[in-house]
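# Structural characterization, general
Listed below, chain by chain, are the residues.
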Amino acid sequence: MNATDRTPADLLQSALATDPARPLVTFYDDATGERVELSVATFANWVAKTANLLQGDLAAEPGDRLALLLPAHWQTAVWLLACSATGVVAEVGGDPAAADLVVSGPDTLDAALACTGERVALSLRPLGARFPQPPAGFIDYAVEVPAQGDRFAPFAPVDPAATALVVRADGLELSGAGTVERARADAAQRDLTAGARVLSGLAYDTWDGLSAGLLAPLAAGGSVVLCRNLDKLSAAEVDQRRATERVTAVVPDAAG
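Residues numbered from 1 in each chain as written. Predicted model: local features only at pLDDT ≥ 70, side-chain atom pairs only at ≥ 80, totals over all residues. Heavy atoms only, no water.

### A closer look at the overall build of the protein
Going by this rule: To qualify as a helix, a DSSP run of H or I must reach at least 4 residues; to qualify as a strand, a run of E must reach at least 2; elements of each kind are numbered from the N terminus. Throughout, radius of gyration means the C-alpha value; the globule benchmark is 2.2 Å times the number of residues raised to the power 0.38. Remark: exposure states derive from per-residue accessible area (1.4 Å probe, protein chains only) relative to the maximum for the residue type, with buried under 20%, exposed over 50%, and partly exposed in between. Contacts are residue-level and defined by heavy atoms, with any inter-residue pair within 4.5 Å sufficient.
Of regular secondary structure, the protein possesses eight helices and twelve strands. Taken over C-alpha atoms, the radius of gyration comes to 17 Å for the protein, in line with the 18 Å a tight globule of 256 residues would show. Dimensions of the protein along its principal axes, counting C-alpha atoms only, are 45 × 40 × 35 Å. Out of the 256 residues belonging to the protein, those deemed buried represent 54%. Long-range pairs, those at least 24 residues apart, make up 67% of the contacts in the protein between residues at least 6 apart in sequence.

So this is what it looks like as structure tokens:
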């Protein structure tokens, strides 16, 4: 990673320039058996399309507040980086009623209706599939994102000193530069270096979960094996996954 990277989106661009073919996010849902692996290039393409949706169709501007009501999931990781790319503030677990727009999974649609701005719904079904029946009052992410452009350029440069990430459960508010600095500190504390492969089963509702499940591996030049419903596996099955995925580090809480 470049020392000059000032936002999470910058970290992704550096990874794309360095080794676009390597895995970045490998996602498991142990309730459904789903496994998805995204290379840096594939992940960056999803981020570009989502950022174009945000900036174009949803008319989101830097400083707008987006309530992110999603679990630990590869599509949540995409939204976090798309917000960084556009300058939109990602409020993890934010209040929809106070947000400019909301992005919701299927379990939080009722709460998300409190947002008076644009509402986006994700089915979180395997392979990024659309809802069988679109939820009323929402646009279906899986329907809208495929047609978006594969490259993204913000209308205005993103200020790395501006607020970029709010983690409601922790009472935490960070700028883009502050997010990168804290992610790098976490990577150093966990001895993560380039090529590290981190297994995390933590939720995305706290800084620890966001860091272990995306930001610290990205800052270190590594990758993440992001596991939802990891508690459904036995210790032996977790060990088998560690071996199969060539995991080099495990978040203590995700050890089984």
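From this point, the narrative continues.
### Observations regarding the pattern of salt bridges
When their charged atoms lie close together, side chains carrying opposite charge are able to pair. The criterion, for reference: Any carboxyl oxygen of Asp or Glu within 4 Å of a side-chain nitrogen of Lys or Arg constitutes a salt bridge here.
On inspection of all chains with the given rule, the structure shows nine salt bridges. Among the salt bridges present, the one from arginine 35 reaches glutamate 245, with a minimum N-O distance of 3.0 Å. One end of the pair, arginine 35, is in strand β2 (residues 34-39); the other, glutamate 245, is in the loop between α8 (235-244) and β12 (249-250), and 210 residues separate them in sequence. With relative accessibility at 42%, the residue arginine 35 sits in the partly exposed group. Given a relative accessible area of 6%, glutamate 245 falls into the buried group. Linking aspartate 239 and arginine 242 is a salt bridge whose minimum nitrogen-to-oxygen distance equals 4.0 Å. Highlighted residues: aspartate 239 and arginine 242, both in helix α8, separated by three residues, approximately one helical turn.

### Focus on unusual backbone geometry
A positive phi angle is found at alanine 59, which is not glycine, with a value near 55°. Tracing the backbone shows alanine 59 in the loop between α2 (40-57) and β3 (65-69). Positioned with a positive phi, leucine 127 is a non-glycine residue whose angle comes to about 65°. Along the chain, leucine 127 falls in the loop between β6 (118-121) and β7 (139-140).

### Thoughts on the nonpolar core
Formally: By nonpolar core is meant a set of buried Ala, Val, Leu, Ile, Met, Phe, Trp, Tyr and Cys residues that side-chain atoms within 4.5 Å join together.
Ranked by internal contacts, the top residues of the largest apolar core, which has 56 residues, are Phe43, Leu54, Leu66, Trp79, Leu80 and Leu214. Here this core gets nine residues from one element, more than from any other, and that element is helix α3 (residues 74-86).

### Quick look at the packing of α2 against α3
Threshold: Comment: axis = line fitted to C-alpha atoms, over the contacting stretch for helices; angle = value between 0 and 180 degrees taken between N-to-C directions. Geometric relationships in this document are graded by angle, where less than 35 degrees denotes roughly parallel, more than 145 denotes roughly antiparallel, 65 to 115 denotes roughly perpendicular, and other angles denote oblique. Crossing handedness follows the turn of the near helix against the far one: under a right angle anticlockwise gives a left-handed crossing, and clockwise gives a right-handed one. Charged means Asp, Glu, Lys or Arg here, nonpolar means Ala, Val, Leu, Ile, Met, Phe, Trp, Tyr, Cys or Pro, and polar covers whatever is left, Gly included.
One can describe the packing of α2 onto α3 by two numbers: an axis separation of 8 Å at closest approach and a directional angle of 60°. One element, α2, and the other, α3, form an angle in the oblique class. In this structure, α2 crosses over α3, and the sense of that crossing is right-handed. Contact residues: Phe43, Trp46, Val47, Thr50, Ala51, Leu53, Leu54 and Gln55 in α2; Trp74, Gln75, Ala77, Val78, Trp79, Leu81, Ala82, Cys83, Ala85 and Thr86 in α3. Tallied by class, residues from the contact of α2 with α3 come to 14 nonpolar, four polar and no charged.

### Examining the layout of surface pockets
Put simply, the test is: Think of a 1 Å grid over the protein atoms and nothing else: a 1.4 Å probe that fits but is trapped marks a cavity, an open set flanked by protein within 12 Å on at least five of seven lines marks a pocket, and residues with an atom within 4 Å of a point count as lining. Grid points are joined across faces, edges and corners, and a volume is the space filled by probe spheres set on the points.
When its volume is computed, the largest pocket comes out at roughly 360 Å³. Secondary-structure elements contributing two or more residues to the lining of the largest pocket are α1 (8-18), α2 and α3. Split into classes, the residues belonging to the lining of the largest pocket amount to twelve nonpolar, four polar and three charged.

### Focus: the packing of aromatic side chains
Going by this rule: Only the six-membered ring of Trp is used, alongside the rings of Phe and Tyr, when aromatic pairs are assigned; centres must lie within 6.5 Å, and planes under 30 degrees apart are stacked while those over 60 apart are edge-to-face, with the rest tilted.
As enumerated under the stated definition, the model contains three aromatic pairs in all. Considering the side-chain rings of tryptophan 46 and tyrosine 141, the 6.3 Å spacing of their centres and the 35° angle between planes classify their relative orientation as tilted. In this pair, tryptophan 46 sits in helix α2 while tyrosine 141 sits in helix α5 (residues 141-144), placing the two residues 95 residues apart along the sequence. Tryptophan 46 gets classed as partly exposed once you look at its relative accessible area, which sits at 22%. Ring plane angle 50° and centroid distance 5.4 Å describe the contact between tryptophan 79 and tyrosine 141, whose orientation is recorded as tilted. Placement of the pair is tryptophan 79 in helix α3 and tyrosine 141 in helix α5, with a sequence separation of 62 residues.

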